[in-house]
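Fold and contact review
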Number of protein chains: 4
Amino acid sequence: MLRTAVVGATGYSGAELVNLLLSHPHSRIVGLFGSAKRDGQQPFEEAFPRFRDRLDLAVQPGDVDSITAAQPHAVFLATPHEASAQLAPALIERGIAVFDLSAAFRLGDAGQYPRHYAFEHPHAALLARAVYGLAEINRARLRSADLIAVPGCYPTSAILPLLPLVRAGAIATLPDGRLSRPIIDSTSGVSGAGRAPHQRSLFCEVHQQAYGVLKHRHQPEIDEHAGIATLFTPHLGPYERGILSTIHVDLAPGWDESRVRRTLEEAYAGEPFIRLCRSDVWPSVADVRGTNFCDIALAVDESWRHLIITSAIDNLVKGAAGQAVQCFNIRFGFPETAALLTDNNP
Amino acid sequence: MLRTAVVGATGYSGAELVNLLLSHPHSRIVGLFGSAKRDGQQPFEEAFPRFRDRLDLAVQPGDVDSITAAQPHAVFLATPHEASAQLAPALIERGIAVFDLSAAFRLGDAGQYPRHYAFEHPHAALLARAVYGLAEINRARLRSADLIAVPGCYPTSAILPLLPLVRAGAIATLPDGRLSRPIIDSTSGVSGAGRAPHQRSLFCEVHQQAYGVLKHRHQPEIDEHAGIATLFTPHLGPYERGILSTIHVDLAPGWDESRVRRTLEEAYAGEPFIRLCRSDVWPSVADVRGTNFCDIALAVDESWRHLIITSAIDNLVKGAAGQAVQCFNIRFGFPETAALLTDNNP
Amino acid sequence: MLRTAVVGATGYSGAELVNLLLSHPHSRIVGLFGSAKRDGQQPFEEAFPRFRDRLDLAVQPGDVDSITAAQPHAVFLATPHEASAQLAPALIERGIAVFDLSAAFRLGDAGQYPRHYAFEHPHAALLARAVYGLAEINRARLRSADLIAVPGCYPTSAILPLLPLVRAGAIATLPDGRLSRPIIDSTSGVSGAGRAPHQRSLFCEVHQQAYGVLKHRHQPEIDEHAGIATLFTPHLGPYERGILSTIHVDLAPGWDESRVRRTLEEAYAGEPFIRLCRSDVWPSVADVRGTNFCDIALAVDESWRHLIITSAIDNLVKGAAGQAVQCFNIRFGFPETAALLTDNNP
Amino acid sequence: MLRTAVVGATGYSGAELVNLLLSHPHSRIVGLFGSAKRDGQQPFEEAFPRFRDRLDLAVQPGDVDSITAAQPHAVFLATPHEASAQLAPALIERGIAVFDLSAAFRLGDAGQYPRHYAFEHPHAALLARAVYGLAEINRARLRSADLIAVPGCYPTSAILPLLPLVRAGAIATLPDGRLSRPIIDSTSGVSGAGRAPHQRSLFCEVHQQAYGVLKHRHQPEIDEHAGIATLFTPHLGPYERGILSTIHVDLAPGWDESRVRRTLEEAYAGEPFIRLCRSDVWPSVADVRGTNFCDIALAVDESWRHLIITSAIDNLVKGAAGQAVQCFNIRFGFPETAALLTDNNP
């Protein structure tokens, strides 16, 4: 049994981490912590009544001393990037494996933080040491990582279908020599906006709408880890969970639907959490609700050599807590699907 | 053209008032105000983008001087009861008719305010002067009122079906001499909770649930104006607008379904906004969405002499802004349905 | 490994059964069947895309021969009562344990079926043999049952809080000698209406509304198994899953809030799926979503000796598939929480 | 008073037509009809309870004789294209102005119907006579039209922002000489799927999802009336009303954000139903709910000369019934905003 702790347990990703870790055969939750010193001492079931009678732990203040006092082997940080940037170095220094769900260690270039996060990174040297926790891509490196930057929700939905195609040279080149820019139109459920009581997240305020156009923080993360400049436009939809990304790609000469499909099939053969949809089947966010799956569908308009992909994930699972647990499983040598998939019917 | 002003225009009831007054043939909106001095100077369409290009007014600070500077004939207060209790006296003193959507002047007994609102009423003498704005009941008195206490949303849905029955002696008497207590189980959409950014009103937090059991502020209002002790239990439902109240009444001897129906038919004959449903038809909140109707259905279990009523209103219209405009129409001698019902197909 | 089969697998309860059985450590699904002969041959993941790549089974026609050919030890019938009434006898005759989620065997008196279900029961003699599968009440009898009538969703939410009180004599007696009738106002999510494409279940048609007033089929089931005449009024709410029942009880002399609470605490001490809420906490349907819990909260208005209870369940889990699996666990001697609760953090 | 009739009154667009015509100062509804002979004789308020007590008309069978017997001056066809294709010629022959909300007369080339609608057009000669009812574009021709093909919902949201840019030459040219294809990713509420009881439109089945990829019937309509080949991908979202279209355009040299904005401002100056959003404001479908507005926002990524537009309409109003009434107003010389916009606060 590994001793695990969740910091930022009072947010949606934190609660999902608790939910998954509760059913993990090799984890014991030894501490729940708020995002900051001032948060804490609230019984967890008051924060999330669905955990009524399931977990007799109070949320403690989220400072390094309190966290380390619980003697965890692994800590999940579901904290804002500012908090993560401070907590992670202190924890790995003490030999604790850190799974950070914030953006604090996702970008390789410290210079991106002031621009996209209005944030001067206090530990830029650690960026090179952090491993981007997209398990399907970085599995080998995750085995020995001590600081894992769990990917953002939108980036997960976009990078998983795009990266194998980028690597295989499937993207068209423009006359000016640049690669054609994939267009990513994503819609997210409201849980992606977090649990802070903003007016825009009120029940009566949430309706289908674009936001953060040309300025969302996930743009540089997608571009860096997909290995290509993209154009990402997020939307909010009136539902709790799930991201659906619709992705447009101009294909290079020689690429057609079957080659695209084959490339993705080969890239993800044997992957437990990637499901390619059959032709003419388009995934809904309900198909992946509460799961760690990323469902991917595609079609090509051959006359324009235009590829349309849609991918669906649960933003709180494959887009956050589930992916973190998947990384945890890899890192500690547990079955990769532990707590994420129980299936006794092969 | 009457000059009208809305105070508390940045809340849901305030916006609904603006929406109705915009289409009122005898009103011109001369001022929009926040609930307090600090609110204001925001273009109204920034607060509510659906009014984009429809109303070129900024929200001003909601103090007496600013309001009176706009020289309104009538002011609608969609403000918290504390603010209304201060603003209303100052405005009526200046000869302005006040339609107060808060609870500040709904109760006749000032002693109820400390108990139910934790509030010491600063102008208790005015309680006797205020007219409770349930138009179907108090139409005559509304014609000369200068301070109209627009009823609460839950009370409207409960009092309208109950009052004619109470007056007609339809309620059973208990062995101890008290009247049997009607049971009112109501479910409200989330707009009833207002626009303040509370965690409990977030999209991901709203689910079917009881709240305020045995302690909701609308209990004394219902009891006073229905003329009978009741038991009111509110619930929240995951939708924007509408209240559905399910009401249980033990009938006195001699009362059956047809007599109940006849009593309500007679009480509301000719009323433009009360619709009695045919037998076996039960209204949904969608039937009244965006309207000033109160739909009422009923059935009697004759073997137990037990009456079940359901009533449906739009909490922001008949339960707030629409009822206020209905009172405004009565008060100023306009057709009672002005801005509330347009029907050229008799 | 027990060999299990699900009949009516293309409905919501059927899919939930598959979901639970997939993760059951002692079950192997050997067959999925439609509700009738004509249904079938569809890959299960076409019926429910969320099972994509998880279960490589086609839905077979739901006749006795097809079902028995799969050689199941236990069959779950998520079929209409007409189909269950025919299938169950044939299956138990072949030594297969039957868990019937329909109402076909829930009522003890065959004479109720024509009246409430417009249905002449073809195997009335079996009604006495069937065990009503409310595990918390009938655990002992379930151990040796071969025909288990899994309770309805509304009845589960009503009987669980009421029965211990009825048994303890907590209900007031009326002057005429009858027990005071508990009032049950319940709201259900739309999945309770099933997957048949009726207009009333369309997305744009579902809004808060009462239905089936004074004539719902669950009325006799509640009364029989709660052991008291009640008044049950169902409502539909605009959400997918969950039932919230608000229950009103006139208490007998000598009963107050603490005695009620103590009675329920004692009745359900050690029960893994009953959670009593602390004072002033009222459960939401989200608290139990996807779980087999029944959450119960209560308060007493002492001056009227009036008890208010609210109970919350997931209609597809504790109200259907989960309760069926709980019965299955009891019947076959598995841990009662198998597939229903995984918790490694005691 | 013009005598109006609605055919297909039991569908969502039909009901919205009734709703608008009820408040139209120059229309009197003289007949409501089903989509076919077999539909009919149902009181309208049974089909749509929200019209309770508002309209005492029964729905009649929708055949030519019944319709003409009502002696309407104008008929709105909210019928399937097969029915419209038969009814429209017979009605215009009798001198009745026809506003057809189906696709029967939207395409100029009869050859498109077999391909996209699996439909051999029985009156292809009429296609040239029909006027496409996008009021902002075809106002002049509508004044004398007798057969008006009211545009589809998705096309309305796409063509309105695109057409002025296409006409102005704002679209980039590809190396092969073709115009760069605008990408249109649209999300629609469920009412767009109509009221027929399909499983996919059930409350529990609707979740964010793409559908009809590369094969939606609105593709040729958009391309023909926008005057450019586009790539249209529709999505379904879990809400009742509204379409949000996110449109990507590669701009020709010389085009930047201010020029795009100026072009749209000039194209729609004085238009009562087109609202251009200020910079950095992105419309939600709630902003236009229940209205005839089309809200348009835009931004340009100058480094890639890439234009992003989002447009929002209510699919049942500007996307169907409202646009039909707007055409009706133009055709008969009424104020264009009659029944569509009441505003006494200039």
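Please read these numbers as outputs of a predicted model, since none were measured by experiment.

All names here are of chain A. Counting across every chain of the model gives 60 salt bridges over all chains. The residue arginine 106 makes a salt bridge to glutamate 221 at a minimum N-O spacing of 3.0 Å. Taken as a pair, arginine 106 in the loop between β6 (97-100) and α5 (112-117) and glutamate 221 in helix α8 (residues 218-226) lie far apart in primary sequence, 115 residues in all. Among the ionic pairs, aspartate 314 bridges to arginine 241, the shortest N-O distance being 2.8 Å. With a gap of 73 residues between them, aspartate 314 in the loop between β15 (306-313) and α11 (317-332) and arginine 241 in the loop between β11 (231-236) and β12 (243-250) connect regions that are remote in the sequence.

Glancing now at helix α4 (residues 81-93) of chain C. Residues and elements named next belong to chain C. Here α4 contains 13 residues, and its C-alpha end-to-end distance of 18 Å stays within 8% of the 18 Å for a straight helix at 1.5 Å per residue. Buried residues dominate α4, accounting for ten of its 13 residues. Those residues of α4 that are buried are in contact with β1 (2-7), α3 (64-69), β5 (74-77), β6 (97-100), α5 (112-117) and β8 (147-149).

Interface size is commonly expressed as the accessible area that is lost once the parts come together. Counting residues at the interface gives 38 residues for chain D and 38 residues for chain A. The junction of chain D with chain A conceals about 3,300 Å² of combined surface from both sides, 65% of it contributed by carbon and sulfur atoms. Among the residues of chain D in contact with chain A, Arg181, Gln208 and Trp304 of chain D are the three that bury the most area, contributing 21% of the side total. Across the chain D-chain A interface, the total number found is four salt bridges. In this structure, arginine 181 of chain D and aspartate 301 of chain A form a salt bridge, with 2.9 Å as the shortest nitrogen-oxygen distance. Taken together, chain D and chain A are joined by twelve residue pairs in polar contact (both at pLDDT 80 or more). Going through the elements one at a time, β9 (183-188), β10 (209-210), β11 (231-236), β12 (243-250), α10 (285-288), β14 (294-301) and β15 (306-313) of chain D are the ones with two or more residues in the side of chain D that touches chain A. Looking at the side of chain D that touches chain A residue by residue, the classes come out as 20 nonpolar, twelve polar and six charged.

Another point: the relation of the copies chain B and chain D. Once chain B has been moved 0.0 Å along the axis and rotated by 180 degrees, it coincides with chain D to within an RMSD of 0.0 Å. As the rotation angle and translation indicate, the two copies are arranged about a two-fold axis. When each C-alpha of chain B is compared by its distance to the rotation axis, glycine 290 of chain B comes out closest, at 4.9 Å. When the interface residues of chain B are mapped onto chain D, 100% of them are again interface residues, pointing to one common binding face.

With that settled, the discussion passes to the packing of aromatic side chains. Counted according to the given criterion, the structure contains 54 aromatic pairs over all chains. Centroid distance phenylalanine 328 of chain C to phenylalanine 334 of chain C: 5.7 Å. Interplanar angle 50 degrees. Geometry classified as tilted. Accessibility classification places phenylalanine 328 of chain C together with phenylalanine 334 of chain C in one group, the buried group. Consider the rings of phenylalanine 328 of chain D and phenylalanine 332 of chain D, whose centres lie 5.2 Å apart with planes at 55 degrees: the pair is tilted. Residue phenylalanine 328 of chain D and its partner phenylalanine 332 of chain D are both found in helix α11 (residues 317-332); the two are separated by four residues, about one turn of the helix.

Residues and elements named next belong to chain B. Of all six residues in strand β1 (residues 2-7), five are buried, a share of seventy percent or more. Handedness of the crossover is the feature at issue here: the chain leaves β1, passes through helix α1 (residues 12-22), returns alongside strand β2 (residues 27-33), and the resulting connection is right-handed. Alignment of β1 against strand β5 (residues 74-77), held across four bridges, turns out to be parallel. Residue pairing across strands places alanine 5 opposite valine 75, the latter belonging to β5.

This part takes up the packing of α1 of chain B against helix α11 (residues 317-332) of chain B. Residues and elements named next belong to chain B. Direction vectors running N to C along α1 and α11 enclose 40 degrees, while the axes themselves pass 9 Å from each other. In this view, α1 runs oblique relative to α11, as classed from their interaxial angle. Crossing hand, α1 versus α11: right-handed. Contacts from Ser13, Glu16, Leu17, Leu20 and Leu21 of α1 reach α11 at Val317, Ala320, Ala321, Gly322, Ala324 and Val325. A class-by-class count of the residues in the contact of α1 with α11 yields eight nonpolar, two polar and one charged.

Residues and elements named next belong to chain B. Burial along β5 is two-sided: the face carrying Ala74 and Phe76 and the face carrying Val75 and Leu77 are both buried. Here β5 runs beside strand β6 (residues 97-100); their pairing, made up of four bridges, is parallel. Residue pairing across strands places valine 75 opposite valine 98, the latter belonging to β6.

Moving on, we get to the side chain of glutamine 219 of chain C. All names here are of chain C. Along the chain, glutamine 219 falls in helix α8 (residues 218-226). A distance of 2.9 Å separates a polar atom in the side chain of glutamine 219 from a polar atom in the side chain of threonine 230. A polar contact of 2.9 Å, which involves the side chain of glutamine 219, links it to the backbone nitrogen of phenylalanine 232. Beyond its immediate stretch of four places on either side in the chain, glutamine 219 contacts Thr230, Leu231 and Phe232.

The subject of this paragraph is the environment of leucine 20 of chain C. All names here are of chain C. Tracing the backbone shows leucine 20 in helix α1 (residues 12-22). Classification of leucine 20 by relative accessible area gives buried; the value is 8%. For the pair leucine 20 and serine 188, spaced 168 residues apart in sequence, the C-alpha to C-alpha distance is 21 Å. Setting aside residues no more than four positions away along its own chain, leucine 20 makes contact with Ala321, Gly322, Val325, Ala339 and Leu340.

Residue and element names in this part refer to chain B. Strand order in this open sheet of eight strands is β3-β4-β2-β1-β5-β6-β8-β7, and the pairing throughout is mixed. The two strands at the open ends of the sheet, each matched to only one other strand, are β3 (42-43) and β7 (131-132). Strand direction decides the pairing type here: β2 and strand β4 (residues 58-60), joined by two bridges, are parallel. If you follow leucine 32 over to β4, its bridge partner there is valine 59.

Attention now goes to the domain arrangement of chain A. All names here are of chain A. The domains assigned to chain A are domain 1 (2-129) and domain 2 (154-315). Between domain 1 and domain 2, the C-alpha centre-to-centre distance is 27 Å. Contacts between domain 1 and domain 2 engage twelve residues on the former and ten residues on the latter. Across the domain 1 to domain 2 interface the summed buried area is about 1,100 Å²; carbon plus sulfur atoms make up 47%. Counting every contact that joins domain 1 to domain 2 gives seven residue pairs in polar contact (both at pLDDT 80 or more). Where the side of domain 1 that touches domain 2 is concerned, the elements lending two or more residues are α1 (12-22) and α5. Residue contributions to the side of domain 1 that touches domain 2 peak at three residues, all from α5. Looking at side-chain class alone, the side of domain 1 that touches domain 2 contains five nonpolar, five polar and two charged residues.

The subject of this paragraph is the sheet that holds β15 of chain D. Residue and element names in this part refer to chain D. What the seven strands build is an open sheet, ordered β10-β11-β9-β12-β15-β14-β13; its pairing is mixed. Of all the strands in the sheet, just β10 and β13 (274-276) have a single pairing partner and so form its edges. For β10 and β11, the ladder comprises two bridges, and the chain directions are antiparallel. When the sheet's bridge partners are listed, glutamine 209 is paired in β11 with leucine 236. Packed onto the sheet, helix α7 (residues 153-167) meets β9, β11, β12, β13, β14 and β15 and runs at close to 35 degrees relative to β12.

With an RMSD of 0.0 Å, the fit of chain D onto chain A corresponds to turning through 180 degrees and sliding 0.0 Å along the axis. Both copies share a contact surface, since 100% of the interface residues of chain D are interface residues in chain A too.

The subject of this paragraph is helix α7 (residues 153-167) of chain C. Residue and element names in this part refer to chain C. Spanning 15 residues, α7 covers 22 Å between terminal C-alpha atoms, matching the ideal 21 Å at 1.5 Å per step. In α7, a bend of some 40 degrees at isoleucine 159 exceeds every other bend along the element, and proline 161, a proline, comes one to four places later. Burial within α7 is extensive, with 14 of its 15 residues counted as buried. Positioned one or two residues after α7, glycine 169 has a phi angle of 75 degrees, which is positive.

What follows covers the interface of chain B and chain D. Residue-level contacts link 33 residues of chain B with 33 residues of chain D. For the pairing of chain B and chain D, the buried interface totals around 2,500 Å² over both sides, and the portion due to carbon and sulfur atoms is 39%. Linking chain B with chain D are six salt bridges, by the criterion used here. A salt bridge links aspartate 295 of chain B to arginine 52 of chain D, with the shortest nitrogen-to-oxygen separation between them at 2.4 Å. Between chain B and chain D we count ten residue pairs in polar contact (both at pLDDT 80 or more) in total. Of all the elements in the fold, those that place two or more residues in the side of chain B that touches chain D are α1, β2, α2 (44-47) and α10 (285-288) of chain B.

What counts and how
- Residues numbered from 1 in each chain as written.
- Chains lettered and ligands numbered in written order.
- Predicted model: local features only at pLDDT ≥ 70, side-chain atom pairs only at ≥ 80, totals over all residues.
- Heavy atoms only, no water.
- Salt bridge = Lys/Arg side-chain N within 4 Å of Asp/Glu carboxyl O.
- Helix = DSSP H or I, 4+ residues; strand = E, 2+ residues; numbered from the N terminus.
- Expected span 1.5 Å × (residues − 1).
- Buried < 20%, exposed > 50% of the residue type's maximum accessible area, 1.4 Å probe, protein only.
- Contact = heavy atoms within 4.5 Å.
- Buried area = accessible area lost by both parts, 1.4 Å probe.
- Polar contact = N/O pair within 3.5 Å; in protein donor to acceptor, adjacent residues only side chain to side chain.
- Nonpolar A, V, L, I, M, F, W, Y, C, P; charged D, E, K, R; others polar.
- Least-squares fit on C-alpha atoms with pLDDT ≥ 70 in both.
- Phe/Tyr/Trp six-rings, centres within 6.5 Å; stacked < 30°, edge-to-face > 60°.
- Right-handed = clockwise from strand over helix to strand, strands pointing away.
- Pairing = 2+ DSSP bridges.
- Axes fitted to C-alpha atoms, helices over the stretch in contact; angles between N-to-C directions.
- Parallel < 35°, antiparallel > 145°, perpendicular 65-115°, else oblique.
- Left-handed = near helix turned anticlockwise from the far one by under 90°.
- Domains from an automatic or database assignment.
- Bend = angle between axes of the 7 residues up to and from the residue.

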